[in-house]
Amino acid sequence: MFVTVLLLLVTLCAQGGKGEESAEAQRPGHVSVVIVGGTGDLAKKYLWQGFFELYANQVSGGNTFSFYAGGLSPADAAKPVFFEILKAVSCSKDASPERCALLKEQFLRLAQYRQLKTLEDYQDLAKHIKQELQQEGITEAGRLFYLSVPAFAYADIADKINNSCRPSSGAWLRVVLEKPFGHDYRSAQVLASQLGSSLKDDEMYRIDHYLGKQVVANILPFRVENKKYLDPIWNKHHIERVEIVMKETLDVKGRIPFYDQYGVIRDVLQNHLTEVMTLLTMRLPMNLSSSEEVLQNKLQIFSSLLPLGKNQAVIGQYQAYKTAVQQEMNKTKDHVSLTPTFAAVLAHIDEARYEGVPILLISGKMLDERVGYARILFKNDIFCLQNHNSVYCKPKQIVFYFGHGKLQYPAILVSKNLFKPVLINDEWKEVTDHKDVNILGLHISDYYVQTPREQKEAYSELISHIFAGRKNSFISAEHLLASWGFWTPLLSSIATSFPRIYPGGADNGDLLDVRVKGKEISFSNEVVLISPDQMGGSANDFQVMQGKFRSADMVSAWAEELVERLAEDIQEAAEAAVREAGVFHLALSGGSTPLALFHRLALHHFSFPWRDTHVWMVDERCVPLTELESNFHSLHNHLLQHVRIPYYNIHPMPVQLNQRLCVEEDGGALLYEKEVSKLVNGSSFHFVLLGVGYDSHTASLFPGSKVDQLGESLVALTESPVKPHQRMSLTFSAINRARTVALLVMGKGKHELVTQLSRVKDNPDKWPVTGVKPADGRLVWYIDYDALLG
């Protein structure tokens, strides 16, 4: 039986902050709350307290509730644990002892434990909810499922909810998902696809508890309220740097099996700190309440971020981590984990407003204090000749202080030599009674300080947003994939890097201090604590090597050095062509292999003659150029938008004409051929970059496609054995007219192919890459040691 309680003493609390509310959330009725994993650590620490606060705030608002803890354990074993958790919930300080006792009593009576293991268990839960609704004669408002379980279980549970637990027509369904949402871009894409087959995107609430922190949630409102002060200074002319920092004193003991898979970048930077970065740098929305507009403005930042490579990060690992891994994961004494527990990453936004402004994202375990903050440090244009303690010569900064640390409470601090900020709203107050502390180089009295009148726990805030149907504080699938797209190349580039070992706590000294130079970051001192025998010995034994492969020139090295060499060779060819003819024609292929090269060119080759360079496509998939599968889309995201190249020097393949994709009678291939013939002298590109597929295809010229039948055509429509099948490609006739053709082959997966190619004779129909033979130009194979040596 439901116990419907009307507590006249309990008032409906106003929703904190500004945000859109779902119309569904306002219809009174019955709400069923199910926490799957309801007796776990997260539920015990935060979730039941948050749902108790929701119940206390909403019970007089016309809704009734029932609460279920779901778990794998049988009910007899789990019930005592569950009710001990519920007894520990606490009331707000405003509640009288009598009201608190009544609230807790009713909350306990409305809660029950149910085993949720099989599809039948979920079906039984759905029947139970339906029966209770019928018996009480209550209209259903909605069902809220909170999945406090490992991410690998999400898809299966979502499927069970979809097949058995959807509410009656007109009621809402909300499913809350805890991070991590994948391990990299590909796994996040797979998870999003799996969940998408069971749930609509508006039914999913991917939670990042950092967005529930009061200071983080009020970054945008603060920027809006203080727009007249911030607009003139929120740009590269005034901002010296941005720091987003989360320091922790604890280790990861007891969490090693999870943590060793993820590390600090996936655990903290890819989500929490990235979210803060977008809130600080995104264009202000016209309507703060519009989730859609906020999302689009965040996505704009992701599309403008310069790519991250190995030189944009430093990593560390606290000394005791190795032993903890060996013990908790039952590893041998010689096992070495490369998982970082500390990382400092340097990001840049390629927009006129933020050009050249360094953004530091830093987090680590076993550091000197527990604190989180975002700091915007401004340039100081005043030089004090005598009075160096003048307020005008002190640091100019805004600090969004998330909590803990010396201050011990969340706050927004603005140095008094900037401006006096407007209060965000009446839920915030100005602090004038200061204790004697220094915050980031300034005494607290040198700041204007704002803090929430009442401190609220992040999970409680977000639970109230979920109930209200507000999505501003949650992560959409599009947003999630954009974030992973930004972080995955960096994670791949440091996967085999050895982190700097640090002792932990105050003993770290200056060991983790970093230096920013241009667009690169490094540790400020060169102390190395890893012995050579730990590093395996071989990685540094090889330098760049030159030789012959299939009678052509070959350059080989470890991947990073190989990419550096290829980038240098392309720039050398570009400078020579520009000196000779005033223009450089570069044809680039698609796929994942050249991404590291694109990053290298964007981040290190500032003197590259882009203004005199024309970029052409070697091949293209027959999809719209705005789709992720498009080669041009990848080239644009990873290179073109980050360099100063005139837009009329960029030549995407016309795969979409007359609102159709690669229809032969539309003449797209002939159109591209005419453009090449018109602009490229003798249709001879200065430099063509090709990759080689596992089946030996190059460009979009595949085995068995009778490439010899293409004749003298420079561009042709071709067929791929994998989706999307239709392609447009340069032909051998076009490729072999080039001055230089580079074939880039990387990764252990290509070793067998390289071995085969070293033995076979020219047979372009079976081994298409063997058809690459420049008539008057030079062919160079760039093969990394993984592909060459296996």
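Refer to the structure above for everything that follows.
To start, this report covers the structure provided alongside it. (Residues numbered from 1 in each chain as written. Predicted model: local features only at pLDDT ≥ 70, side-chain atom pairs only at ≥ 80, totals over all residues. Heavy atoms only, no water.)

Attention now goes to the overall build of the protein. A tally of regular secondary structure across the protein gives 22 helices and 34 strands. A compact globule built from 790 residues would reach a C-alpha radius of gyration of about 28 Å, and the protein, at 30 Å, matches this within 12%. Over its C-alpha atoms, taken along the principal directions, the protein stretches across nearly 95 × 75 × 60 Å. Accessible surface, the protein as shown: approximately 34,700 Å² in total, 50% of it carbon and sulfur. (Helix = DSSP H or I, 4+ residues; strand = E, 2+ residues; numbered from the N terminus. Rg over C-alpha atoms; globule rule 2.2 N^0.38 Å. Areas by Shrake-Rupley, 256 points an atom, 1.4 Å probe, with all protein chains shown as cover.)

Let's shift gears to the sheet that holds strand E3 (residues 111–115). Within a sheet, adjacent strands bond to each other through the backbone by hydrogen bonds, running parallel or antiparallel. Pairing in this open sheet of 7 strands is mixed, and the strands run E3-E2-E1-E4-E5-E6-E18 from one edge to the other. At either margin of the open sheet sits one strand with a lone partner, and together these are E3 and strand E18 (474–475). Pairing analysis gives 2 bridges linking strand E6 (residues 204–207) to E18, with the strands arranged antiparallel. Across the sheet, Arg206 pairs through a bridge with Ile475, a residue of E18. Against the sheet, helix H14 (residues 458–468) contacts strand E1 (30–36), strand E2 (64–71), strand E4 (140–147), strand E5 (172–178), E6 and E18, and its axis sits at roughly 150° relative to E5. (Pairing = 2+ DSSP bridges. Contact = heavy atoms within 4.5 Å. Axes fitted to C-alpha atoms, helices over the stretch in contact; angles between N-to-C directions.)

The next subject is the side chain of His479. Turning to its location among the elements, His479 is positioned in helix H15 (residues 477–493). Taking the relative accessible area as the measure of exposure, His479 reaches 2% and is therefore buried. (Buried < 20%, exposed > 50% of the residue type's maximum accessible area, 1.4 Å probe, protein only.)

This next bit is on the pairing of strand E24 (residues 584–588). Taken residue by residue, a regular strand's side chains alternate between the two faces of the sheet. In terms of residue burial, E24 counts as a mostly covered element, since 5 of its 5 residues are buried. Residues Phe584, Leu586 and Leu588 line one face of E24 and the alternating positions His585 and Ala587 line the opposite face, and both faces are buried. The β-α-β motif built from E24, the intervening helix H17 (residues 595–604) and the parallel element strand E25 (residues 613–617) has right-handed crossover chirality. Summarising the sheet, E24 and strand E30 (residues 687–691) pair through 2 bridges and their orientation is parallel. Counterpart to Ala587 in the pairing with E30 is Val688. (Right-handed = clockwise from strand over helix to strand, strands pointing away.)

Across the sheet, 3 strands lie side by side as E26-E32-E31; this open sheet has antiparallel pairing. Sheet topology places strand E26 (619–621) and strand E31 (715–719) at the edges, where each strand pairs with a single neighbour. Taking each pair of neighbouring strands and ignoring which way they run, the sheet shows an average axis angle of 25°. Examined bridge by bridge, E31 and strand E32 (residues 726–730) share 5 bridges and lie antiparallel to one another. Note that in E32 the partner of Thr718 across the bridge is Arg727. Of the strands in this sheet, E31 and E32 touch helix H19 (residues 668–679), which is tilted by about 145° from E31.

Contact pair helix H2 (residues 41–58) / H14: the axes reach a minimum separation of 8 Å and the direction vectors enclose 55°. For the element pair H2 / H14, the angle class is oblique. Every pair of crossing elements has a handedness; the one defined by H2 and H14 is right-handed. Contacts from Leu42, Tyr46, Leu47, Gly50, Phe51, Glu53, Leu54 and Gln58 of H2 reach H14 at Tyr459, Ser460, Ile463, Ser464 and Phe467. Its residues assigned to classes, the contact of H2 with H14 shows 8 nonpolar, 4 polar and 1 charged. (Parallel < 35°, antiparallel > 145°, perpendicular 65-115°, else oblique. Left-handed = near helix turned anticlockwise from the far one by under 90°. Nonpolar A, V, L, I, M, F, W, Y, C, P; charged D, E, K, R; others polar.)

Turning to unusual backbone geometry, a few remarks are in order. In this model, Lys179 is joined to Pro180 through a cis peptide bond whose omega is 10°. With respect to the element layout, Pro180 can be found in the loop between E5 and helix H7 (185–196). At Ser696, a position not held by glycine, the phi torsion is positive, near 75°. Mapped onto the elements of the fold, Ser696 is located in the loop between E30 and E31.

The next thing to look at is the environment of Leu147. On the secondary structure map, Leu147 appears in strand E4. Leu147 sits in the buried class, given a relative accessible area of 0%. Considering only alpha carbons, one finds Leu147 and Val175, 28 residues apart in sequence, at a separation of 7.2 Å. Excluding its chain neighbours within four sequence positions, the residues that come into contact with Leu147 are Val36, Tyr154, Ile157, Ile161, Val175, Val176, Leu177 and Glu178.

Following the sequence through the fold, Leu588 ends up in strand E24. The buried category is assigned to Leu588, whose relative accessible area is 1%. Linking Leu588 and Ile219, residues 369 residues apart in sequence, is a C-alpha distance of 41 Å. With near-sequence residues (within four places) excluded, Leu588 lies in contact with Phe598, Val615, Trp616, Met617, Val618, Leu635, Leu639 and Leu689.

What follows covers a nonpolar patch on the surface. A cluster of nonpolar side chains, Ile382, Val391 and Tyr392, forms an exposed patch at the surface whose accessible area comes to about 270 Å². Position of Val391 among the secondary structure elements: in the loop between strand E11 (371–378) and strand E12 (396–404). Owing to a relative accessible area of 35%, Val391 belongs among the partly exposed residues under this scheme. (Patch = residues over 30% accessible without salt bridge, like charges linked within 9 Å, V, L, I, M, F, W, Y side chains within 5 Å. Salt bridge = Lys/Arg side-chain N within 4 Å of Asp/Glu carboxyl O.)

Turning our attention to the pattern of salt bridges. The tally for this structure, following the rule as stated, stands at 32 salt bridges. Three or more residues are tied together by salt bridges with common partners; here these are Glu240, Arg241, Glu243 and Arg375.

Our focus in this paragraph is the environment of Leu635. Following the sequence through the fold, Leu635 ends up in helix H18 (residues 631–638). Along the primary structure Leu635 and Leu338 are separated by 297 residues, whereas in three dimensions their C-alpha atoms are 31 Å apart. With residues up to four places along the chain from it excluded, the contact list for Leu635 reads Leu588, Phe598, Val615, Met617 and Leu640.

Counting across every chain of the model gives 30 aromatic pairs. For the ring pair Phe82 and Phe83, a centre distance of 5.2 Å and an interplane angle of 55° mean the geometry is tilted. Judged by its relative accessible area of 0%, Phe82 is buried. Here Phe83 falls in the partly exposed class, since its relative accessible area comes to 25%. Within the aromatic cluster, the residues linked to one another by ring pairs are Trp48, Phe52, Tyr55, Phe65, Phe67, Phe82, Phe83, Phe107 and Phe467. Of note, Lys471 hangs over the ring of Tyr205, and the distance from its end group to the ring centre comes to 4.5 Å. (Phe/Tyr/Trp six-rings, centres within 6.5 Å; stacked < 30°, edge-to-face > 60°. Lys NZ or Arg CZ within 6 Å of the ring centre and 35° of its normal.)

Membership of the largest hydrophobic core comes to 128 residues, with the highest contact counts inside it found for Phe145, Leu147, Leu269, Leu280, Phe400 and Trp487. A per-element tally of this core places helix H11 (residues 256–281) first, with 11 residues. Phe400 has contacts with Val215, Ile219, Phe222, Leu280, Gly372, Tyr373, Ala374, Ile376, Ala411 and Ile412, leaving out every residue within four places of it along the chain. (Core = buried A, V, L, I, M, F, W, Y, C linked by side-chain atoms within 4.5 Å.)

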